[in-house]
Amino acid sequence: MLFNSYEFLFLFLPVTLGIYFFLNKKRLTVASNAWLLFASLAFYSWWNVKYLPLILLSILFNYTIGYLLAEHDSLKKQVVSKRGIFVFGLLGNIVFLSYFKYMDFFIGNMNTVFTIDFPLLQIVLPLGISFFTITQIAFLVDCYEGLVEDRKLLSYSLFVTFFPHLLAGPILHHKEMMPQFESVRNKVLNYKNLSHGFFLFFIGLFKKVIIADELSKTVKAGFDTSTSLNMVEAWTASLSYTFQLYFDFSGYSDMAIGVGLMFNILLPVNFNSPYKAVNIIDFWKRWHFSLTNFITTYLYSPIMRSFRKITFAKSMLATFIAMFIAGIWHGAGWTFILWGAFHGGALVVNHLWKKRKLPMSSPLGWLFTFGFVNASFVLFRAKNLADAGKVLKGMVGFNGILPATHPHFVLSDLGHGQFWKLLMAGVKGNDSTLWTLIAIMLFTLVCKNSIQLEQNFKPSWKTLAFAVVISFYTLINMNKVSEFLYFQF
Amino acid sequence: MDILAELTPIFREVFDDDAIVVTRQTTANDVDAWDSLSHMNMVMAVEVKFNIRFALGELPSLRNVGDLVDLTAKKLAKK
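One numbering rule holds for all chains: residues counted from 1, following each sequence as written. Working convention: letters from A go to chains and numbers from 1 go to ligands, in the order in which they are written. In keeping with the predicted nature of the model, local features appear solely for residues at pLDDT of at least 70, side-chain atom pairs appear and are counted solely at 80 or more, and the whole-chain, interface and lining totals rest on all residues. Hydrogens and waters are ignored; side-chain quantities use all the structure's heavy atoms.

A. Expanded view of the side chain of A:T161. Residues and elements named next belong to chain A. To qualify as a helix, a DSSP run of H or I must reach at least 4 residues; to qualify as a strand, a run of E must reach at least 2; elements of each kind are numbered from the N terminus. Its place among the elements puts T161 in helix α6 (residues 153-161). What qualifies as a polar contact is a pair of N or O atoms within 3.5 Å, subject to a donor-acceptor requirement within protein and to the restriction that residues adjacent in sequence count only when both atoms come from side chains. A distance of 2.8 Å separates a polar side-chain atom of T161 from the backbone oxygen of S157. Any two residues whose heavy atoms approach within 4.5 Å at even a single point are treated as in contact. Excluding its chain neighbours within four sequence positions, the residues that come into contact with T161 are L37, S40, L41, I55, I59 and L166.

B. Layout of the packing of helix α5 (residues 129-144) of chain A against helix α12 (residues 289-306) of chain A. Residues and elements named next belong to chain A. Only C-alpha atoms enter the line fits that serve as axes; for helices the fit covers just the stretch in contact. Angles between N-to-C directions range over 0 to 180 degrees. Contact geometry for α5 and α12: axes closest at 12 Å, N-to-C directions at 35°. Viewed along their axes, α5 and α12 form a crossing whose handedness is left-handed. Where α5 abuts α12, its residues I134, A138, V141 and D142 lie against L291, F294 and Y298. Residues were grouped as follows: Ala, Val, Leu, Ile, Met, Phe, Trp, Tyr, Cys and Pro as nonpolar; Asp, Glu, Lys and Arg as charged; and all remaining residues, including Gly, as polar. Class assignment of the residues belonging to the contact of α5 with α12 gives a composition of six nonpolar, no polar and one charged. Crossings are classed by handedness, with left-handed meaning an anticlockwise turn of the near helix from the far one by less than a right angle and right-handed meaning a clockwise turn.

C. Broad picture of helix α18 (residues 431-446) of chain A. Residue and element names in this part refer to chain A. Spanning 16 residues, α18 covers 24 Å between terminal C-alpha atoms, matching the ideal 22 Å at 1.5 Å per step. Regarding α18, the residues found buried are T433, L434, L437, I440, M441 and T444. End-on view of α18: buried residues confined to an arc of 130°, all on one side of the axis. Pointing more than 90 degrees away from the buried face of α18 are the exposed residues L442 and V446. To estimate how far a helix should reach, multiply one less than its number of residues by 1.5 Å. Buried residues are those whose accessible area, probed at 1.4 Å on protein chains only, stays under 20% of the maximum for their type, while exposed residues exceed 50% and partly exposed ones sit between those limits. Throughout, the arc means the angular range of directions from the helix axis out to the C-beta atoms.

D. Here's a closer look at the packing of aromatic side chains. Residue and element names in this part refer to chain A. Whether two aromatic rings pair depends on their centres lying within 6.5 Å, for rings of Phe, Tyr and Trp, where Trp uses its six-membered ring; planes under 30 degrees apart make the pair stacked, over 60 edge-to-face, and the rest tilted. All told, the structure shown has 60 aromatic pairs over all chains when counted by the stated rule. Measuring from centroid to centroid gives 5.3 Å for Y20 and F263, while their planes differ by 65°, and the two rings are edge-to-face. In this pair, Y20 is assigned in helix α1 (residues 6-25) and F263 in the loop between α10 (231-262) and α11 (280-286), connecting sequence segments 243 residues apart. The exposure classification of Y20 matches that of F263, with both residues buried. Over the face of the ring belonging to W329 we find K101, whose NZ or CZ atom lies 5.5 Å from the ring centre. Geometrically, a lysine NZ or arginine CZ counts as sitting over a ring once it is within 6 Å of the ring centre and also within 35 degrees of the ring normal. The ring centre of F312 lies 4.7 Å from the NZ or CZ of K355, which sits over that ring.

E. Seen up close, the nonpolar core. Nine residue types can take part in a nonpolar core, namely buried Ala, Val, Leu, Ile, Met, Phe, Trp, Tyr and Cys, and a core is a set of them joined through side-chain atoms within 4.5 Å. Core analysis: the largest hydrophobic core is formed by 174 residues, its most contacted members being A:F8, A:F201, A:F263, A:W287, A:F377, B:L7 and B:F11. For this core, the element with the most residues is α10(A), which contributes 15 residues. Excluding residues that lie within four positions of it along the chain, A:F377 makes contacts with A:Y241, A:T242, A:L245, A:Y275, A:F283, A:W287 and A:W339.

F. Structural view of a negative patch on the surface. Here the term patch refers to residues with relative accessible area over 30% and no salt bridge, with like charges joined within 9 Å and nonpolar side chains (Val, Leu, Ile, Met, Phe, Trp, Tyr) within 5 Å. With residues, only the protein chains shown are counted as cover, and all accessible areas are computed by Shrake-Rupley using a 1.4 Å probe. When a carboxyl oxygen of Asp or Glu is within 4 Å of a side-chain nitrogen of Lys or Arg, the pair counts as a salt bridge. When charges are counted, Lys and Arg contribute as positive and Asp and Glu as negative, whereas His and the chain ends are disregarded. Taken as the charge location is NZ of Lys, CZ of Arg, CG of Asp or CD of Glu. A contiguous patch of negative charge on the surface is contributed by B:D16, B:D17, B:D18 and B:D32. When its relative accessible area of 68% is taken as the criterion, B:D16 is described as exposed.

G. Geometry of the interface of chain B and chain A. At the junction of the two partners, chain B supplies 15 residues and chain A supplies 20 residues. Of the roughly 1,600 Å² buried between chain B and chain A on both sides combined, carbon and sulfur atoms contribute 62%. Put simply, buried area is the surface a 1.4 Å probe can reach on two separate parts but cannot reach once they are joined, added for both. Summed over the three residues of chain B that lose the most area to chain A, namely B:L37, B:M44 and B:L56, the buried surface amounts to 39% of that side. For the pair chain B and chain A, the interface holds one salt bridge. Between B:E47 and A:R305 there is a salt bridge, and its shortest N-O distance comes to 2.1 Å. Connecting chain B to chain A are four residue pairs in polar contact (both at pLDDT 80 or more). For the side of chain B that touches chain A, the per-class residue count stands at eight nonpolar, three polar and four charged.

H. Expanded view of the packing of α10(A) against α18(A). Residue and element names in this part refer to chain A. The geometry of α10 relative to α18 is characterised by a closest axis approach of 11 Å and an angle of 45° between their N-to-C directions. The orientation of α10 relative to α18 falls into the category oblique. For the crossing formed where α10 meets α18, the hand is left-handed. The residues of α18 that touch α10, namely those facing T236, L239, S240, F243, Y246 and F247, are T433, L434, L437, I440, M441, F443 and T444. Within the contact of α10 with α18, the residues separate by chemical class into nine nonpolar, four polar and no charged. Relative orientations are named as follows: roughly parallel for angles under 35 degrees, roughly antiparallel for angles over 145 degrees, roughly perpendicular for angles from 65 to 115 degrees, and oblique for any other angle.

If you want it as structure tokens, here you go:
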């Protein structure tokens, strides 16, 4: 089910909330958690019930392995070593994810390398599989290291499936989540949280429906339809995607955090104005940082541990490897692998720069960072390397700056006219394409972000008016189904 | 054992700054070179010094020196 659908907003959400707090009021707290689990699974199965057994299997598998790991020390007879169980659990998850996510990519590449024609399996990626697999891997690691005390199956299942975060994060940690589902204080309807939750939810919905979906048309035309792009078109397409991705994904996170708040569940913040970052280290502290934290703790740290004696060069290698794996985690494709490698490389350069104490002014740092991030997102968006090459070539001017047959600009073209349509032909744009993009860029760079707005939120006539205007405007424009970009990962 | 006093030389070496004097309130914001990379170096230096081992899942919660001291004390007590 999508957050940006009427059935979610007017049916699923109010019914789920209502029954949840009704059960809590009757002091049926176990039933209320069971209800939330049931609702989350219904949310997951809304389109395709086929994947429900898969997520249930994954939960039961990891819960069982986690249980065995946690109880292992107290067993009298230890048939299999703790390490053996842990490795089995880890491999189980990796095989599970690899089969659904990377099998066809692997077969395709084998076919190319050995010029054979093994048929692709045409496996459809189950929604959210990348997310629920890595959060559960973290759970297994913590069970193995003896950190897990709370092991109730119900709160574990709820931590994995809780519908706001299930499909596209933020990436949760069991230690932060499971106690929240157990806490009695969270079981009472809290009007402050409810109002903050709705406020944040509607800001997120606005970001998705009004901003991201508007930009998606330009992006689609530029990346998928057009065969070659001149410099103006290529930059318009790539910048449009950079902002589409941010507003889509951070909008999703806002909505997830907002819905969580309505249930008195605090989900971790995921974005902090990433496009204001002045270096690439800073960028990863602001962009999807629930993932950054996960990578640092569960990828970077164990790689460093395996090196024993730490040197700067080794920590750079670990950084690169961690980002490389993060690239592959995003998707099965050479574009994602390159994307991860570029970010790994950029982080290494940034750390070297810092270590040498080389100078960098903030405006220049911002320009390099944003320019790099924008170029790297071309790889992230393009369906294949050829499409990425097309856009990148256009951006550096392979096909000229302007279309060959553009009319000369006259003053009456200002703001409208054929001039803009011809200028933006490759991205099917018109006079408003450029102005909208510039307005969104300025808005992103100057304004406070949604989390800052939510933290400063105080009920007043002014904020009510603001919330009513954006929610009403969003609702009447919510007439088409459009999926979130991060659902594909 | 005064864990806090033992930490200052470790911090000075890992973060390459002889002016550092750690208190329980010291956080990553107070030490220029304390970032996610050097955090791991520091943690591993503390592990060697006290002959203990932190779990991966414990690392993110070690964002101020007080937490580090408490967790180290807990680990030493268990030994």
